[in-house]
Every structure is written in structure tokens, then in C-alpha cells.
Amino acid sequence: IVAAVNGREKLVELAMRHGAGDDQKYRNGGAAMMHAVFRCHERVVELLLHHGAEINWQNCVGVTALMLAAFKDHPAAVLWLLRAGADATLSTESGRTALQSAKEKGHTECVRALEEHAVFQDPSFLQSVLGSLPGVDLNDPRIQSVLSSLPANPEDKEAEEKKKKDEGGGSS
């Protein structure tokens, strides 16, 4: 974690290669990633993700690296994490999401990144956009596969997360 806090890429790489991220208390590098995000060390975040750090790891109160990036007004970190697959719908124990934190703090670039990301997670929006493009066949199996991989709506995703937590497989 100290190497991640200080942006020491080579030490992070070495530590992760030798199993430093395997400590389940810190969920495979998730805590180190939160420290790297806090200090905006993009390369360290990339290294941690490359070595299997859990991008959606939640600390004891449910905060994720994405929430921390939005709270600290690090729009670049918000974008890195979203592009790497961070789940913007997760919330803290008090129910706050990354988007809510960014809005409350007035972090407009973070809000914009999170809202734009949310739009492209909406299958009905994507279907309408794709359907309006010339040469795009909505019946193409590849397009159907992408659309079916997205949750029908945010409530479905929340219900899925709650079910995982109730079964003991949650990420907090």
C-alpha cells in the first residue's frame, strides 16, 4: 500500500508479482488502488488492475475507488476507472453513489463523466442510437449480445448486488 500511496510503480509491480495483492483483508489490491486513486497515480492504478486488483472493492463503509475519485474531484481517475469497468451504480452503506458525491461537491467534470457513462449503460438508449445508424442491423447476433449483457435498468443491477450481498458474496 505504501508503494501505491507514493506512486512507486516498480515497487507496486514487484509486490503484485510476488503476491502482495492476495491479502483478502484488502481484497486483491483494492485498498492499494484506492490509495493510488486518492493521489491520482494513473500508472499505479493500471498496474494494480493488470495484476487483478478488484476495481469495485468496497471498504468497511462501502466506498469504492470510483467514489473516492469523484469525491476528490479527480476526473481523470474517474475516466480511467470507468473505462476499466468500475461499477458506477454501487453505493456506500449510507446509499451514496459516486455521481451523488460529485454532484454534492460541485465537481462538474466528474459529474459529466459519470452521467455520460450512465447513458451508454442504458440498453434502450443504445438500441435507439444503433437503430438510427445506417447499415446497423439490430438483429445482428453481435449487437444482440452486447445489448443483452447490459442490465435492463438500474433497479435490476441494484437487485442483483443486494442478492449477492445477502448470499454472502458481496464485495464489502
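Here, the structure is the one placed above.
Residues numbered from 1 in each chain as written. Predicted model: local features only at pLDDT ≥ 70, side-chain atom pairs only at ≥ 80, totals over all residues. Heavy atoms only, no water.

Participant: Outline the overall build of the protein chain, listing residues and values.
Facilitator: Along the protein chain, the regular secondary structure elements total 11 helices and zero strands. Scanning the protein chain from its N terminus toward the C terminus, one meets helices and strands in the order α-α-α-α-α-α-α-α-α-α-α. Taking all 172 residues of the protein chain together, 37% fall into the buried category. Considering only contacts in the protein chain between residues 6 or more positions apart, those separated by 24 or more positions represent 64%. Accessible area for the protein chain stands at about 10100 Å²; split by element, carbon and sulfur atoms hold 52% of it. (Helix = DSSP H or I, 4+ residues; strand = E, 2+ residues; numbered from the N terminus. Buried < 20%, exposed > 50% of the residue type's maximum accessible area, 1.4 Å probe, protein only. Contact = heavy atoms within 4.5 Å. Areas by Shrake-Rupley, 256 points an atom, 1.4 Å probe, with all protein chains shown as cover.)

Participant: I'd love a proper account of the side chain of Asp87, names of residues and values included.
Facilitator: As for its position among the elements, Asp87 is in the loop between helix H6 (75-83) and helix H7 (98-105). On the basis of relative accessibility, which here comes to 11%, the residue Asp87 falls in the buried class. One polar contact links Asp87 to Thr89, side chain to side chain, over a distance of 2.5 Å. (Polar contact = N/O pair within 3.5 Å; in protein donor to acceptor, adjacent residues only side chain to side chain.)

Participant: Could you give an account of the packing of H6 against helix H8 (residues 108-119), naming the residues involved and the relevant values?
Facilitator: Across the interface, H6 lies against H8 with an axial gap of 8 Å and an inter-helix angle of 20°. Looking at the two axes, H6 sits roughly parallel to H8. In terms of crossing hand, the pair formed by H6 and H8 is right-handed. Note on element contacts: H8 touches H6 through Glu109, Cys110, Ala113, Leu114 and His117, opposite Pro75, Val78, Leu79 and Leu82. Considering only residue class, the contact of H6 with H8 consists of seven nonpolar, one polar and one charged. (Axes fitted to C-alpha atoms, helices over the stretch in contact; angles between N-to-C directions. Parallel < 35°, antiparallel > 145°, perpendicular 65-115°, else oblique. Left-handed = near helix turned anticlockwise from the far one by under 90°. Nonpolar A, V, L, I, M, F, W, Y, C, P; charged D, E, K, R; others polar.)

Participant: Describe the pattern of salt bridges, listing the residues and the values that go with them.
Facilitator: Throughout the structure, instances matching the rule amount to three salt bridges. A salt bridge links Glu115 to Lys103; its shortest N-O distance comes to 3.5 Å. Of the two residues, Glu115 sits in helix H8 while Lys103 sits in helix H7, which places them 12 residues apart along the sequence. When its relative accessible area of 35% is taken as the criterion, Glu115 is described as partly exposed. Using a relative accessible area of 48% as the deciding quantity, one classes Lys103 as partly exposed. Between Arg142 and Asp140 there is a salt bridge, with the nearest N and O atoms lying 2.7 Å from each other. Exposure remark for Asp140: the relative accessible area of 16% places this residue in the buried category. (Salt bridge = Lys/Arg side-chain N within 4 Å of Asp/Glu carboxyl O.)

Participant: Outline the side chain of Thr97, listing residues and values.
Facilitator: Here Thr97 is to be found in the loop between H6 and H7. You can call Thr97 buried: its relative accessible area is 16%.

Participant: Can you lay out the nonpolar core for me, pointing to particular residues and giving the numbers?
Facilitator: Core analysis: the largest hydrophobic core is formed by 32 residues, its most contacted members being Met33, Val37, Leu66, Val78, Leu81 and Leu114. The set of elements that each furnish at least two residues to this core consists of helix H3 (30-38), helix H4 (42-50), helix H5 (65-71), H6, H7 and H8. Residues within four places of Leu114 in sequence aside, it is in contact with Leu66, Ala70, Val78, Leu82, Ala88, Ala98, Leu99 and Ala102. (Core = buried A, V, L, I, M, F, W, Y, C linked by side-chain atoms within 4.5 Å.)

Participant: Could you give an account of a nonpolar patch on the surface, naming the residues involved and the relevant values?
Facilitator: Where nonpolar side chains cluster on the molecular surface, the patch consists of Val119, Phe120, Phe125, Val129 and Leu133 and spans about 390 Å² of accessible area. For Val119, the position within the fold is in helix H8. Since its relative accessible area comes to 35%, Val119 is described here as partly exposed. (Patch = residues over 30% accessible without salt bridge, like charges linked within 9 Å, V, L, I, M, F, W, Y side chains within 5 Å.)

Participant: Go over the packing of H7 against H8 with me, naming the residues and quoting the values.
Facilitator: At their nearest, the axes of H7 and H8 sit 8 Å apart, and the two run at 150° to each other. The angle between H7 and H8 places the two elements in the roughly antiparallel class. The way H7 lies across H8 gives a crossing that is left-handed. In contact with Ala98, Leu99, Ala102 and Lys103 of H7, H8 contributes Cys110, Val111, Leu114 and Glu115.

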